[in-house]
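In case you want the letters, here they are:
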Amino acid sequence: MPEPMGFYTDTTVCIGCKACEVACKEWNQLPSTNGGVNTLSGDSYDNTRRLDGMHWRHVKFIEQFSEDRKDGRWLLMSDVCKHCVHAACLEVCPTGAIIRTEFDTVVIQSNTCNGCRDCIGACPFGVIDINPVSQTAQKCTLCYDRMQGGLEPACSKACPTKSIQFGTIRELRDRAQKRVEQLHQTGETRAYLYGADEKMLGGLNSFYLLVDKPEVYGLPPDPKMPTRNLLPGSVYAVLGAIAVGLAGIFNFRNRGAAPGPEARP
Amino acid sequence: MIDAPSSTWFTAPTHWGWLIVLYFFIGGLAGGSYFLAVLIDLFGRREDRALARIGYYIAFPAIALSGLLLPVDLTRPLRFWHMVIESNTYRPMFKYWSPMSLGVWALLIFGFFSFLSFLAALAEDGRIDRPQLRALRPPGALGTVLAMMGGTAGFYIAGYTGVLLAVTNRPIWSDTPLLGMLFVASAASTSAASIMLLAHRSGLTTPALDDLHRMDDWVTILELLFLIAVVISLGPVAKAWLSAWGVLLLLAVVVGMIAPLVLSWRARQLRHWNVVTSAVLVLLGGFLLRVVIIFSSEAI
């Protein structure tokens, strides 16, 4: 059994070149948006805008500028499926289309998915969406086919600054921790790791080095499993049914089950 | 996003639209009507059986229609069976912790029970010449067992949709565990309204109609209380309803809950017309409630 594999993304060295997006699209033969018609976002240099069924990698441009535009900074982050150890999508999928691979990654089997879209609402990171060509839910597979052939995923291979690093989770965590320490020593004390330990959904197999709050990057500060509501939701529903049942019994109780003439229209 | 009131704001919409709203509404009617019919059968008098029959007449066609709506909503409808049979191993596909998985099985099970009760109702009405089918309804032992099992499945169908929404990570839906409870009350209320409407249309007169009307008032009050509990449990997330959705929700409350209660209390002398008016209002309000809950989250 291979060791758990994944990505460590150091956002401080991302230059927003989007080579990862292109490599992902190319390898996975993902279609272009609107049949290739150039669609600009109009309010950002980022025209991909979000992860979905056709964009399994998305370099986010977080443009933080003052009102007068004299001061500002760009935060860049190549976003992708987090391949959570406790994966919400896998948990709710009613067809068994979503599986955990031997590399501890999470893959949607397109030939099994029937497009119920439960996984889309379950994913705490908004990663999954319907691919309009296959009409199934799709997301990053961490290049499962390449990994089975001993190759690294297309995006990390294409990344020119090593912002996206691929490897065993154990090794990546060590490397990321050293990088945080290095940044702290050089004065960037805001640097921290997002999702690198078990506290967040059992650990994210794609984790990040960030220098601002998660919300700034469009990441949830407190992602949770959807089944947290299963037991309380069911208990409250049963209580509701008991209350309704009692209302019914109370209103019909005096009438008993004694035989009598049946009402007819 | 920086000021998001909950981590659920960082998720993507499911694209569940009108078909799902319709399914939630009609599925609720199916489960609720059956549940009420069983209550009337078990706790009512013999003369009330005609009223319970209406419940069975609603339940089966409604669940059959629901069974059609769900596959049509899939982006790959021909793969609907993947929810029942694992497509790789051909073993039964069942996950008790996934409300959608459990819901598909509940649909099949409830469909079976509601079909049996539907046949029993037809036989009692003399519409099919099989008197032995009457045993599929209480008060006989077999009928009672079937009614209790079907009633439980009916309750599940009425409420699981709320739990299904809660077991996601979407805004509003998963920010409260109370939607299942709200949907159960709403399903009972809309089902009582449907039974009363059909009873009125067929000219059925039985004292049980008054009981049902009174019960509907009680359930409507419960529904209102449950909705208030939902809003309170949402906390800061409830601000998502400080919008056009909130106005629509208010309309659902006024139309589907407050107006029928007022009609019920203030104008008993116009009973026949009141029954029709308040039943139609309850149905409209129940539908609007589901529209607001589904679409207000989808819009985020």
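Keep in mind that this is a model prediction, so the values were computed, not measured. (Residues numbered from 1 in each chain as written. Chains lettered and ligands numbered in written order. Predicted model: local features only at pLDDT ≥ 70, side-chain atom pairs only at ≥ 80, totals over all residues.)

**Student:** What should I look at first to understand the overall build of chain B in this one?
**Tutor:** When helices and strands are counted, chain B shows eight helices and zero strands. Going from the N terminus to the C terminus, chain B shows its helices and strands as α-α-α-α-α-α-α-α. Computed over its C-alpha atoms, the radius of gyration of chain B comes to 20 Å, within 12% of the 19 Å expected for a compact globule of 300 residues. With respect to the principal axes defined by its C-alpha atoms, chain B has extents near 65 × 60 × 25 Å. Residue burial in chain B is summarised as follows: out of 300 residues, 56% are buried. For chain B, long-range pairs separated by at least 24 residues make up 73% of all intrachain contacts whose partners lie at least 6 apart in sequence. (Helix = DSSP H or I, 4+ residues; strand = E, 2+ residues; numbered from the N terminus. Rg over C-alpha atoms; globule rule 2.2 N^0.38 Å. Buried ≥ 20, exposed ≤ 12 C-beta atoms within 10 Å, placed from the backbone. Contact = placed C-beta atoms within 7 Å.)

**Student:** What is the right way to look at the nonpolar core in this model?
**Tutor:** One broad trend across soluble globular proteins is that nonpolar side chains are buried collectively. Cys89 and Cys119 of chain A together with Val184 of chain B are the most contacted members of the largest nonpolar core, which totals 167 residues. There are two domains that each give this core at least three residues, and those are domain 1 (5-221) and domain 2 (225-252) of chain A. Those residues within four positions of Val184 of chain B in sequence are excluded, and the remaining contacts are Ala237, Gly240, Ala241 and Val244 of chain A together with Phe155, Ala158 and Gly159 of chain B. (Core = buried A, V, L, I, M, F, W, Y, C linked by C-beta atoms within 7 Å. Domains from an automatic or database assignment.)

**Student:** Help me out: how do you make sense of helix H3 (residues 99-124) of chain B in this one?
**Tutor:** Three- or four-residue spacings in an α-helix give side chains the same orientation, since the helix completes a turn every 3.6 residues. Between the first and last C-alpha of H3 of chain B there are 36 Å, a value that for 26 residues agrees with the 38 Å anticipated at 1.5 Å per step. Remark: Gly126 of chain B follows H3 of chain B within two positions and exhibits a positive phi of approximately 80°. (Expected span 1.5 Å × (residues − 1).)

**Student:** Would you mind going over the interface of chain B and chain A with me for this structure?
**Tutor:** You'll often see interface size given as the accessible area lost when the parts meet. Residue-level contacts link 69 residues of chain B with 64 residues of chain A. Put simply, the parts of the chain that give the side of chain B that touches chain A at least two residues each are helix H1 (18-43), helix H2 (49-73), H3, helix H4 (141-166), helix H5 (179-201) and helix H6 (207-234) of chain B. The element best represented in the side of chain B that touches chain A is H6 of chain B, accounting for eight residues. Classifying every residue of the side of chain B that touches chain A gives 36 nonpolar, 21 polar and twelve charged. (Nonpolar A, V, L, I, M, F, W, Y, C, P; charged D, E, K, R; others polar.)

**Student:** What exactly am I supposed to notice about the packing of H1 of chain B against H4 of chain B here?
**Tutor:** A pair of packed helices can be characterised by two numbers: the angle between their axes and the separation between those axes. Residue and element names in this part refer to chain B. Contact pair H1 / H4: the axes reach a minimum separation of 8 Å and the direction vectors enclose 150°. One finds that H1 runs roughly antiparallel with respect to H4. By crossing handedness, the relation of H1 to H4 is classed as left-handed. In this structure, H1 uses Phe24, Gly27, Gly28, Ala30, Gly31, Gly32, Tyr34, Phe35, Val38, Asp41 and Leu42 to contact H4, whose residues at the interface are Ala147, Gly150, Gly151, Gly154, Phe155, Ile157, Ala158 and Thr161. (Axes fitted to C-alpha atoms, helices over the stretch in contact; angles between N-to-C directions. Parallel < 35°, antiparallel > 145°, perpendicular 65-115°, else oblique. Left-handed = near helix turned anticlockwise from the far one by under 90°.)

**Student:** Help me understand the packing of helix H7 (residues 230-252) of chain A against H6 of chain B in this model?
**Tutor:** Where H7 of chain A meets H6 of chain B, the closest approach of the two axes is 9 Å, and the angle between their N-to-C directions is 155°. Classified by the interaxial angle, the pair formed by H7 of chain A and H6 of chain B is roughly antiparallel. The way H7 of chain A lies across H6 of chain B gives a crossing that is right-handed. Residue-level contacts link Gly240, Ala243, Val244, Ala247, Gly248, Asn251 and Phe252 of chain A of H7 of chain A to Asp211, Arg214, Met215, Trp218, Val219, Leu222 and Phe226 of chain B of H6 of chain B. Looking at the contact of H7 of chain A with H6 of chain B, its residues break down into nine nonpolar, three polar and two charged.

**Student:** Teacher, can you tell me more about the environment of Leu225 of chain B here?
**Tutor:** Residues and elements named next belong to chain B. Along the chain, Leu225 falls in helix H6. Residue classification places Leu225 among the partly exposed residues on the basis of 14 C-beta atoms within 10 Å. Sequence separation of Leu225 and Ala185 is 40 residues, and the distance between their C-alpha atoms is 10.0 Å.

**Student:** Looking at this structure, I do not really get the domain arrangement of chain A. What am I missing?
**Tutor:** Domain annotation for chain A reports domain 1 (5-221) and domain 2 (225-252). Between the C-alpha centres of domain 1 of chain A and domain 2 of chain A the distance comes to 39 Å.

**Student:** Looking at this model, I keep getting lost on the sheet that holds strand E9 (residues 192-194) of chain A. Mind explaining?
**Tutor:** Within a sheet, each strand pairs with its neighbour through backbone hydrogen bonds, oriented either parallel or antiparallel. Residue and element names in this part refer to chain A. The strand order across the open sheet formed by four strands is E8-E1-E10-E9, and the pairing between neighbours is mixed. With partners counted over all chains shown, the strands left at the sheet margins are strand E8 (164-168) and E9, one partner each. In this sheet, adjacent strand axes meet at a mean angle of 25° when their direction is disregarded. Of the strand pairs in this sheet, strand E1 (residues 5-10) and strand E10 (residues 206-210) are connected by four bridges, and their pairing is parallel. Each residue of the ladder has a partner; that of Thr9, found in E10, is Tyr208. Its contacts with the sheet put helix H6 (residues 169-185) on E1, E8, E9 and E10, and the angle it makes with E8 is roughly 135°. (Pairing = 2+ DSSP bridges.)

**Student:** Would you mind showing me how to read H5 of chain B here?
**Tutor:** Residues and elements named next belong to chain B. Spanning 23 residues, H5 covers 32 Å between terminal C-alpha atoms, matching the ideal 33 Å at 1.5 Å per step. Counting buried residues in H5 gives 19 out of 23 residues, a clear majority hidden from the surface. Positioned one or two residues after H5, Gly203 has a phi angle of 70°, which is positive.

**Student:** What should I look at first to understand the pairing of strand E3 (residues 72-79) of chain A in this one?
**Tutor:** All names here are of chain A. Where strand E2 (residues 58-65) and E3 come together, eight bridges link them in antiparallel fashion. Bridge pairing links Lys60 to Met77 in E3. Here E2 folds back onto E3 in antiparallel fashion, the turn holding six residues, of which Arg69 has a positive phi close to 65°.

**Student:** Would you explain the confidence of the model for chain B in this entry?
**Tutor:** Reading fine detail from the predicted coordinates is not recommended where pLDDT is low. With 97% of its residues at a pLDDT of 70 or more, chain B shows a mean pLDDT of 90. Overall fold confidence for the complex sits at a pTM of 0.91, while the interface term, ipTM, reaches 0.92. (pLDDT = per-residue confidence, 0-100.)

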